[in-house]
Amino acid sequence: MSEVVNVDVKLGVNKFHVDEGHPHIILKDNPDMNEYRKLVNACPAGLYKLEDDGSIRFDSAGCLECGTCKFLCGETILEKWEYPRGTFGIEYRYG
Amino acid sequence: MSEESFDAIIVGAGLAGCVAAYVLAKEGADVLVIERGNYAGSKNMTGGRLYAHSLEKIIPGFAKEAPIERKVTKEKVTFLTDDTGVTLDYHNGRDQTAVEESYTLLRGDFDQWLMGKAEEVGAQFITGIRVEEILTQDGKVIGVKADGDELTAKSVILAEGVNPVLGEQLGMVKRVKSDAMAVGAKELIELPQKVIQDRFNLNDDEGCAWLFAGSPANGLMGGGFIYTNKSSVSLGIVCGLHDIGSSDKTVPQMLEDFKNHAMIKPLIEGGKLIEYSGHVVPEAGIHMVPKLVDDGVLITGDAAGFCLNIGYTVRGMDLAIASGEAAAKAVLAAREKNDFSAQGLSSYQTLLEDSFIMKDLKLYKELPKFMENPRIFNEYPKMVADIMQSMFTVDGTPSQPIRKTLMKHCKEVGYMNLIKDGIKGVTSI
Ligand SMILES: Cc1cc2nc3c(=O)[nH]c(=O)nc-3n(C[C@H](O)[C@H](O)[C@H](O)COP(=O)(O)OP(=O)(O)OC[C@H]3O[C@@H](n4cnc5c(N)ncnc54)[C@H](O)[C@@H]3O)c2cc1C
Ligand code: SF4
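Residues numbered from 1 in each chain as written. Chains lettered and ligands numbered in written order. Predicted model: local features only at pLDDT ≥ 70, side-chain atom pairs only at ≥ 80, totals over all residues. Heavy atoms only, no water.

Trainee: I keep staring at the UniProt feature "domain: FAD-binding" (unreviewed entry) in chain B and nothing clicks. Help me out?
Mentor: UniProt annotation of "domain: FAD-binding" (unreviewed entry) refers to residues 7–180 of chain B when read in the numbering used here. Helix makes up 21% of residues 7–180 of chain B and strand 34%, with an end-to-end C-alpha separation of 34 Å. (UniProt positions renumbered as here; feature names shortened; annotations may be inferred. Helix = DSSP H or I, 4+ residues; strand = E, 2+ residues; numbered from the N terminus.)

Trainee: Can you help me understand empty space enclosed by the protein in this one?
Mentor: Over the atoms a probe the size of a water molecule is rolled, and this reveals where empty space is left. All names here are of chain A. Evaluated as defined, the whole model comprises five cavities of 30 Å³ or more. If you add up the space inside the largest cavity, you get close to 90 Å³. Lining the largest cavity we find 15 residues, and of these Cys43, Cys63, Leu64, Cys66 and Cys69 sit closest to its centre. Its residues assigned to classes, the lining of the largest cavity shows 12 nonpolar, two polar and one charged. (1 Å grid on protein atoms, 1.4 Å probe; cavity = no way out; pocket = protein on both sides within 12 Å on 5 of 7 lines; lining within 4 Å. Points joined across faces, edges and corners; volume = space filled by probe spheres on them. Nonpolar A, V, L, I, M, F, W, Y, C, P; charged D, E, K, R; others polar.)

Trainee: Sorry if this is basic, but what is going on with the packing of aromatic side chains here?
Mentor: We describe a pair of aromatic rings using the distance from one ring centre to the other and the angle between the two ring planes. Across all of its chains, the model carries 10 aromatic pairs over all chains by this definition. Taking 5.7 Å as the distance between ring centres and 75° as the angle between the ring planes, the aromatic pair formed by Tyr36 of chain A and Tyr48 of chain A counts as edge-to-face. A residue pair is termed long-range when its members are at least 10 positions apart, and Tyr36 of chain A in helix 2 (residues 33–42) and Tyr48 of chain A in strand 3 (residues 48–50) qualify at 12 residues. Tyr48 of chain A sits in the buried class, given a relative accessible area of 3%. A centroid spacing of 6.4 Å and a plane angle of 80° characterise the contact between Phe62 of chain B and Phe110 of chain B, whose relative ring orientation is edge-to-face. A residue pair is termed long-range when its members are at least 10 positions apart, and Phe62 of chain B in the loop between helix 2 (53–58) and strand 5 (70–80) and Phe110 of chain B in helix 3 (residues 107–120) qualify at 48 residues. In this structure Phe62 of chain B comes out as buried when scored by relative accessible area, which is 0%. Ring-pair connections join several aromatic residues into one group, and the members of that group are Phe62, Tyr103, Phe110 and Trp113 of chain B. The ring of Phe71 of chain A carries Lys70 of chain A above its face, with NZ or CZ at 5.6 Å from the centroid. When the ring centre of Trp210 of chain B is taken as reference, the NZ or CZ atom of Lys76 of chain B above it lies at 4.7 Å. (Phe/Tyr/Trp six-rings, centres within 6.5 Å; stacked < 30°, edge-to-face > 60°. Buried < 20%, exposed > 50% of the residue type's maximum accessible area, 1.4 Å probe, protein only. Lys NZ or Arg CZ within 6 Å of the ring centre and 35° of its normal.)

This is the structure in structure tokens:
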């Protein structure tokens, strides 16, 4: 119907305080790909990426802290899910 | 361990937390609110419509001073398919009491204002601190650990929102299955005030609440919404998670397609994206309500599952406010008796049972299951569109009686399905 969405552009207007070197979400080493694909679909920030060669790429900077990946895949994919430390992460100016 | 001991420490400065703090501090209790964001509201988003009743009872006339956006006077519901839209449009020009009114709002401003109100009556707030752990002693909650510091309190109110990490830690909240959750994604689109008023047919401070069933969630359970603010529009979708794996569209793509729908695009033409947000929505209603009270601790708001998803609209803010108030009253009662045990705090449960919160959650008990029915989000919007199409198309072929046209389209969905869903739908609301 319309063009392929570019989520990064949307995230670009948000205000983030990234906690460099302290990712608040860490994936397991060899995540179940069926579960991973659910997150590719569900993450509103589009952070769960599938590369053309089938490999996966995830970066928790840009996370909206929505909780979707934790509820959807919890233990099957995630080594760790916590909120960023105080003051860090997304800062909604409007909400 | 700190010497100080508060009557209550509240985790989270969302609506539930700020209201609990306000009610407690107003009665002279010693209250501390701890919020991980840099200000109240900085981590929070919502669709955009507050039903005023619960806050109106706590702070009468609040809408005159609070940073609300617009008063909702226009209601629209649209059944949307990829290329059609059938809309029910209601203008409410009647006088309403303050309790009956509803407003569009943005949480960044609104939560900060509410927190300010609680501070005015003596509540203490610390922001930018994440509570890491709830401290217990002999099975009783005695405080919190945040940033390495331990703070003690006679009671702790968990108002931590839809992802209750601490409630889970205590074993009070059981992790619900993902099919009890939906994800919401929203864009805030800036437009001149005049343009919004013209396009949505609004006077001055009037606002429009517009909900969409059907194609926005790509046939999955969910829908779209538009709320008009003063000089921006909140536009988003909510999509159930239970079938997201089989969707051929991602959530961000659903939102993008919704925005580009021929019916929506002209409304936001020329607008500028100023924020993109996402949040989980609790959807299981009464089925996910956790253990609400234990020794020294209470759970409120989204963390307690106090949210109603009535199909294409979500209502959680008035429940968060009323449950925050109830938790505060229970702590005040416990303070009178100096008994902060589960027994001492048990009036929380009674207050909730007697309020609209539990009554409404019970009323809509069967709704989450009913909503899982794919026909509701796929076939019915198409059916209404087909009926409209037949009614409004004149091409020179002899006209059919309307009754016949209606029956033809109903038959496509199946009479039995219609009857079954009709009965189920009616009994679940
Ligand atoms: C897309 C969408 C649309 C919606 N539309 C509507 C609508 O139109 N009308 C309506 O009434 N409701 C709507 N809702 C529901 C409504 O937004 C929620 O029910 C409401 O925000 C819940 O308020 P709360 O105070 O319980 O939690 P929140 O507002 O989520 O507040 C929780 C607070 O706790 C803080 N916190 C969490 N953990 C910690 C910690 N460890 N330490 C310190 N602080 C912590 C967070 O930073 C946050 O400030 C919608 C929800 C979504 C997602
Ligand atoms: S919490 Fe939400 S935004 Fe962050 S990675 Fe998970 S799904 Fe994406």
